[in-house]
Amino acid sequence: MLGLFFLAAVAYSARAAFSGSERDEAYASRVYRGMFPGKDGRVATRSAGIGSADPSRVAAFAAVKAAGTARGAYGRPVVLVVGDSLVQRGFETNGWVASLARAYARVADVINRGYSGYNTRWVRELMTNEPDLFPPRRDVALVVILLGANDAARPEGRKSAYGVGVAEYEENLRWIVERYAASDAKESETHTREKRTRVVLCVPPPIDEEERLRITTERRGMPADLLDRDAARTAAYAAAARRVGAKRAFVSTADLHAAFLGRGAGWEKALLSDGLHF
């Protein structure tokens, strides 16, 4: 369910990143006919032993051929997903990143750069000191960024080492976004002409403070004042993420914080496994 939710959240930018013209579609049909002969490049006959009819192949070829779409090392666009454990766990069975990879299996290579326990400071340092871990902007068609769950850790809590002040979080997040998105009008013009890298900036979701407190006191046997995260602090970081994503060229905001709360009563237990992860 959450995988489908995320797919819906990135749909607008994905369409923009991979959309092709009628000319692209015609080219794709020719390639398709060569590889999978059949009527109009769309119908494969079972008797010919060439597999099932699958119009998505045509769309896939069209998307890859689309003018201006970035290509990775293997000639396919790259979808890069950057974040913390909410991203790392997304590649587990039926996770949202795994769902994204399945959805674009014939169109793009989905690369997971989710690091459990990381905050924006550490991701920024990793991008700076180990740049080869992340594909360059010229190869990336779409970037999905989800960071903030660890930055928002309470300075008095048991996860204080993860915490980053909200001002630094906002600055780091803006730096990470600008690594892939145009940072000003002039660069936007060049960016439009040369490539179509788009960014989906995810506003970090809310937490279930009651469950996090239960884990701290009952499961960890710690005093209540060592609560690792609280709802009000998490909301402040969500607001900072919204500011970073506001009115930026090639950046769409997926507000998970508002969407989760919008589910109404019981959203905590319905969407979160431990008060933090989904």
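The structure reproduced in this document is the subject of the present report. Because the structure is a prediction, the values reported are computed rather than measured.

1. Focus on the nonpolar core
- Core analysis: the largest hydrophobic core is formed by 28 residues, its most contacted members being Ile-145, Leu-173, Val-177, Tyr-180 and Val-199.
- Secondary-structure elements contributing two or more residues to this core are β1 (78-83), α6 (120-129), β3 (140-146), α7 (166-178), β4 (198-203) and α10 (231-245).
- Among the elements that take part in this core, α10 stands out by supplying five residues, more than any other.
- What Leu-173 contacts, discounting residues up to four positions off in sequence, is Thr-120, Ile-145, Leu-147, Leu-201, Ala-241 and Val-244.
- Core analysis: the second largest hydrophobic core is formed by 25 residues, Leu-86, Leu-100, Tyr-104 and Trp-267 among them.

2. Looking at the pairing of β1
- Counted residue by residue, β1 has six buried out of six residues, so it is predominantly covered.
- Judged by which residues are buried, β1 turns out to be covered on both faces: Val-78, Leu-80 and Val-82 on one side and Val-79, Val-81 and Gly-83 on the other are all buried.
- Pairing analysis gives six bridges linking β1 to strand β2 (residues 109-114), with the strands arranged parallel. Residue pairing in the sheet places Val-82 in a bridge with Arg-113 of β2.
- The sheet contact formed by β1 and β3 spans six bridges and is parallel.

3. As for helix α9 (residues 209-219)
- Buried within α9 are the following residues: Glu-211, Arg-212, Ile-215 and Thr-216. All buried residues of α9 project into a common sector of 140° when viewed along the axis, lining one side. Set apart from the buried face of α9 by more than 90 degrees, the exposed residues are Glu-210 and Glu-218.
- Remark: Gly-221 follows α9 within two positions and exhibits a positive phi of approximately 70°.

4. Observations concerning the packing of aromatic side chains
- Evaluated as defined, the whole model comprises five aromatic pairs.
- With a centroid separation of 5.2 Å and 35° between ring planes, the pair formed by Tyr-115 and Tyr-118 is classed as tilted.
- The class for Tyr-118 is partly exposed, based on a relative accessible area of 26%.
- Ring centres of Trp-122 and Tyr-162 lie 6.2 Å apart, and the angle between their planes is 85°; on these two criteria the pair is classed as edge-to-face. Taken together, the positions of Trp-122 in helix α6 and Tyr-162 in the loop between β3 and α7 put the pair 40 residues apart, joining distant regions of the chain.
- Residue classification places Tyr-162 among the partly exposed residues on the basis of a relative accessible area of 24%.
- Aromatic rings pair up to connect Tyr-115, Tyr-118, Trp-122 and Tyr-162 into one cluster.

5. What to know about the sheet that holds β1
- Here we have five strands laid out as an open sheet, ordered β2-β1-β3-β4-β5, and parallel in their pairing. A single partner strand is all that each edge strand has here, and the edge strands are β2 and β5 (251-255). On average, each strand axis in the sheet is inclined to that of its neighbour by 15°, with strand direction left out of account.
- In the sheet, β3 pairs with β4 via five bridges, with the strands oriented parallel. In the sheet register, Val-143 faces β4, and the bridge partner there is Val-199.

What counts, and at which threshold
- Residues numbered from 1 in each chain as written.
- Predicted model: local features only at pLDDT ≥ 70, side-chain atom pairs only at ≥ 80, totals over all residues.
- Heavy atoms only, no water.
- Core = buried A, V, L, I, M, F, W, Y, C linked by side-chain atoms within 4.5 Å.
- Buried < 20%, exposed > 50% of the residue type's maximum accessible area, 1.4 Å probe, protein only.
- Helix = DSSP H or I, 4+ residues; strand = E, 2+ residues; numbered from the N terminus.
- Contact = heavy atoms within 4.5 Å.
- Pairing = 2+ DSSP bridges.
- Arc of directions from axis to C-beta.
- Phe/Tyr/Trp six-rings, centres within 6.5 Å; stacked < 30°, edge-to-face > 60°.
- Axes fitted to C-alpha atoms, helices over the stretch in contact; angles between N-to-C directions.

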